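# Observations on chain architecture
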Amino acid sequence: SRSTSTSWKGGDWRVTSRTESCAAANDTMRSGFLPDRIVHLHPTRLCNLACRHCYSESSPQRAAALDPVLVGDALARLRGEGYAVVSLSGGEPLLYRSLRTVVERAKELGFRVTMVSNGLLAERADSVLSLLDGIAISFDGLAPSHNAIRGRTDAFERACDALRRLAAAGRP
């Protein structure tokens, strides 16, 4: 089996890779449940919301972000290890200043690139969104619960607007 980990250590992002072999394991065998190896990339902790349930402790006050050159180097290594999809999340990935650079590098390396967004900034990011193979807009229920969890009275309607815009533009 193969494992790769990324960790935050004393203000420095580190990508480490360890390959372990098992005599009975076949490295080319893939699970039928997960057909592709996926890199879940959270390039920033900056977010335009401060959701009550946020597992990454992202918020408008969290400005930490990954260096795009280091991300590109890590993606090249991960591609060589058989990863096929990059799934961007965060923080809000549309707030990551180097998003276009990272998406373009991932595409150059042959990755499929998808994104999970809260949708509030989608109208400002058409040039980046057009590069993606798929985008998901997060919802936490209907308007009252979604808005309460997201801490904005207009979060649900703006996320719905993003879905409408994306669908009208033919985005996956």
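Right above here is the structure, for reference.
Each value, and the rule that gives it
- Residues numbered from 1 in each chain as written.
- Predicted model: local features only at pLDDT ≥ 70, side-chain atom pairs only at ≥ 80, totals over all residues.
- Heavy atoms only, no water.
- Buried < 20%, exposed > 50% of the residue type's maximum accessible area, 1.4 Å probe, protein only.
- Helix = DSSP H or I, 4+ residues; strand = E, 2+ residues; numbered from the N terminus.
- Arc of directions from axis to C-beta.
- Contact = heavy atoms within 4.5 Å.
- Phe/Tyr/Trp six-rings, centres within 6.5 Å; stacked < 30°, edge-to-face > 60°.
- Lys NZ or Arg CZ within 6 Å of the ring centre and 35° of its normal.
- Axes fitted to C-alpha atoms, helices over the stretch in contact; angles between N-to-C directions.
- Parallel < 35°, antiparallel > 145°, perpendicular 65-115°, else oblique.
- Left-handed = near helix turned anticlockwise from the far one by under 90°.
- Nonpolar A, V, L, I, M, F, W, Y, C, P; charged D, E, K, R; others polar.

### Topic: helix H4 (residues 143-150)
Taken as a whole, H4 has its buried residues at His 146, Asn 147, Ile 149 and Arg 150. Buried residues in H4, looked at end-on, bunch into an arc of 165°, giving them a common side. On its buried face, H4 is in contact with helix H5 (155-168). Positive phi appears at Gly 151, one or two residues downstream of H4, with a value of about 75°.

### Side note on the packing of aromatic side chains
Aromatic ring pairs: the centre-centre distance and the angle between the two ring planes describe each pair. Scanning all chains against the criterion turns up one aromatic pair. On the numbers, 5.5 Å between centres and 75° between planes, the contact of Phe 139 with Phe 156 is edge-to-face. A residue pair is termed long-range when its members are at least 10 positions apart, and Phe 139 in the loop between strand S6 (134-137) and H4 and Phe 156 in helix H5 qualify at 17 residues. A relative accessible area of 29% means that Phe 139 is categorised as partly exposed. The cationic tip of Arg 37 hangs over the ring face of Tyr 83; the distance from NZ or CZ to the ring centre is 4.3 Å. The ring of Phe 111 is capped by Arg 79, whose NZ or CZ atom sits 5.4 Å from the centre of that ring.

### Considering helix H2 (residues 99-108)
Along H2, the residues classified as buried are Leu 99, Val 102, Val 103 and Ala 106. The arc that holds the buried residues of H2, viewed along the axis, is 100°, so those residues lie on one side. Of the surrounding elements, those touching the buried residues of H2 are strand S3 (38-41), helix H1 (68-80), strand S4 (85-88), strand S5 (112-117) and helix H3 (126-129).

### A few points about the packing of H1 against H2
Packing of H1 against H2 leaves a shortest axis separation of 10 Å and a crossing angle of 20°. Compared by their axis directions, H1 and H2 come out roughly parallel. The element H1 and its partner H2 pack so that their crossing is right-handed. Residues Pro 68, Val 71, Gly 72, Leu 75 and Ala 76 of H1 form the contact with H2, whose own contacting residues are Thr 101, Val 102, Arg 105 and Ala 106. When the residues that make up the contact of H1 with H2 are grouped by side-chain class, the tally is six nonpolar, two polar and one charged.

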